[in-house]
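# Examining the three-dimensional arrangement
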Amino acid sequence: MSQEKGTGDGRVSRRKLLSWAGLTAALAAVAGLAYRHFSATSAVKVESFMTRGQGQAKNILVLTGSGRVQGNSDRLAEAFAKGAREAGHTVNVFPTGRHNLRACMHCEGCWSKGKPCVLADDFDTLFPLLEQAELLVFCSPLYWYNFSGHIKAAMDRMYPYSKKERLRDMRVHETMLLMCGQSHFLRSFAGPAEAYRQMLGYKRWKDRGRLFVTGVDEFGEIAGNRALRTAEDMGRNA
Ligand SMILES: Cc1cc2nc3c(=O)[nH]c(=O)nc-3n(C[C@H](O)[C@H](O)[C@H](O)COP(=O)(O)O)c2cc1C
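Bear in mind that the values here come from a model prediction, so they are computed numbers and not experimental data.

What counts as what
- Residues numbered from 1 in each chain as written.
- Predicted model: local features only at pLDDT ≥ 70, side-chain atom pairs only at ≥ 80, totals over all residues.
- Heavy atoms only, no water.
- Near = heavy atom within 4 Å.
- Polar contact = N/O pair within 3.5 Å; in protein donor to acceptor, adjacent residues only side chain to side chain.
- Areas by Shrake-Rupley, 256 points an atom, 1.4 Å probe, with all protein chains shown as cover.
- Nonpolar A, V, L, I, M, F, W, Y, C, P; charged D, E, K, R; others polar.
- 1 Å grid on protein atoms, 1.4 Å probe; cavity = no way out; pocket = protein on both sides within 12 Å on 5 of 7 lines; lining within 4 Å.
- Points joined across faces, edges and corners; volume = space filled by probe spheres on them.
- Helix = DSSP H or I, 4+ residues; strand = E, 2+ residues; numbered from the N terminus.
- Buried < 20%, exposed > 50% of the residue type's maximum accessible area, 1.4 Å probe, protein only.
- Domains from an automatic or database assignment.
- Core = buried A, V, L, I, M, F, W, Y, C linked by side-chain atoms within 4.5 Å.
- Contact = heavy atoms within 4.5 Å.
- Phe/Tyr/Trp six-rings, centres within 6.5 Å; stacked < 30°, edge-to-face > 60°.
- Lys NZ or Arg CZ within 6 Å of the ring centre and 35° of its normal.

Taken together, 16 residues are adjacent to the ligand, and S66, S73, L142, S183 and D217 come closest. Backbone polar atom of N72 to an oxygen atom of the ligand: 2.8 Å apart, as the coordinates give it. Between W144 and the ligand, the recorded distance is 2.8 Å, taken from a backbone N or O atom to a nitrogen atom. In isolation the ligand has 640 Å² of accessible area, and contact with the protein removes 79% of it. Here the shell around the ligand is composed, by residue class, of seven nonpolar, seven polar and two charged.

Now the structure itself:
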């Protein structure tokens, strides 16, 4: 008889106790993970997809949303731009994270100075690009389950183009969304995915594709990730 089966006098051996403790700890860890997973599900479908354009060259504006130069979202944008340029499109990339863009003040002063916004900052450089772009690409890291503040400021500054009395409009009629984050769960992107969907409905923009990249956090960690090839394909098919 082996020692693990008991001590013979009714007491449980130390080894057996330890294995029970190990099993209980493992079960508790699995239950904890399952709880974390299922207690935070989302009704929003977060799916990556791409569509094929009609083939004609177009003007594309990519708004990136990170302060990190050559970080993960920058590399996504770069891959997209490479594919798009190779396909003959004109691509401008505007890194909102490296520009001075103040938040919209909701002052209703839009167009009162002959330009979309009364604020004097880098939106003065951005708005001509917005007015000539046909396809607008939002490329942001996930910050607190949302768009980064940098890119959100740029979105909010598009408010003048939603006003009835606007002097000019954006040419944009279609958009794409590229996002990356540290989370391994697609549902972490549910917030911005839904905001993007609603924004498109409001502006009647056509959704040309979405790409959500999970599990990238460290600087440049996206290098070698097949998502870069997907982003390039999205650009090529723009
Ligand atoms: C302020 C801040 C908030 C973040 N919030 C989240 C988050 O809610 N979920 C997530 O998965 N990653 C989050 N991250 C991680 C970034 O999304 C991730 O590191 C991403 O790859 C950064 O892209 P970048 O290199 O283009 O800046 C956050 C990072 C920062 C700096």
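A few words now on the layout of surface pockets. Where empty space is left in the structure can be found by rolling a water-sized probe over the atoms. Looking at the largest pocket, its volume works out to about 590 Å³. Taken together, 23 residues line the largest pocket, and the ones lying closest to its centre are L142, Y145, G181, Q182 and S183. When grouped by side-chain class, the residues that make up the lining of the largest pocket number nine nonpolar, 10 polar and four charged. When contributions to the lining of the second largest pocket are tallied by element, the ones reaching two or more residues are helix 4 (149-156) and helix 5 (190-203). Here the lining of the second largest pocket gets four residues from one element, more than from any other, and that element is helix 5. A per-class count over the lining of the second largest pocket returns seven nonpolar, two polar and three charged.

A separate point is empty space enclosed by the protein. If you walk through the whole model with that rule in mind, you get one cavity of 30 Å³ or more. Taken as a whole, the largest cavity encloses approximately 110 Å³ of empty space. Lining the largest cavity are 14 residues; nearest its centre among them are C104, M105, C107, C110 and C117. For the lining of the largest cavity, a count of residues per class yields nine nonpolar, two polar and three charged.

On to unusual backbone geometry, then. Not every positive phi belongs to a glycine, and W144 is a case in point at roughly 50 degrees. Note that W144 resides in the loop between strand 4 (135-141) and helix 4. By relative accessible area, which is 81% here, W144 ends up exposed. One non-glycine residue, R204, adopts positive backbone phi at about 55 degrees.

Moving on, we get to the domain arrangement of the protein chain. Looking at the assigned domains, one finds that the protein chain contains domain 1 (3-38) and domain 2 (49-236). Between domain 1 and domain 2, the C-alpha centre-to-centre distance is 51 Å.

Counting 36 residues, the largest nonpolar core has L63 and F138 as its most contacted members. Secondary structure elements with two or more residues in this core: strand 2 (59-64), helix 3 (123-132), strand 4, helix 4, strand 5 (174-180) and helix 5. Apart from residues no more than four positions distant in its own chain, L63 is found in contact with F94, T96, L126, L136, V137, F138, C139, I151, A154 and M158. In terms of nonpolar packing, the next biggest core, distinct from the first, is built from 24 residues, L76, F80, I222 and A227 among them.

Next up on the list: the packing of aromatic side chains. Applying the stated criterion across every chain yields a total of four aromatic pairs. Aromatic side chains W111 and Y161 sit 5.6 Å apart centroid to centroid with 85 degrees between the ring planes, which places their arrangement in the edge-to-face category. In this pair, W111 is assigned in the loop between strand 3 (90-95) and helix 3 and Y161 in the loop between helix 4 and strand 5, connecting sequence segments 50 residues apart. Exposure class is identical for W111 and Y161. Each is buried. Between F123 and F127, the aromatic rings sit 6.1 Å apart at their centres with planes inclined by 45 degrees, giving tilted as the arrangement. In this pair, F123 and F127 are both assigned in helix 3, four residues apart and thus about one turn of the helix distant. In this structure, F123 and F127 share a single accessibility class: buried. Sitting over the ring of F219, R75 keeps its end group 5.7 Å from the ring centre. Positioned above the aromatic ring of F185, the side-chain terminus of R187 is 4.4 Å from the ring centre.

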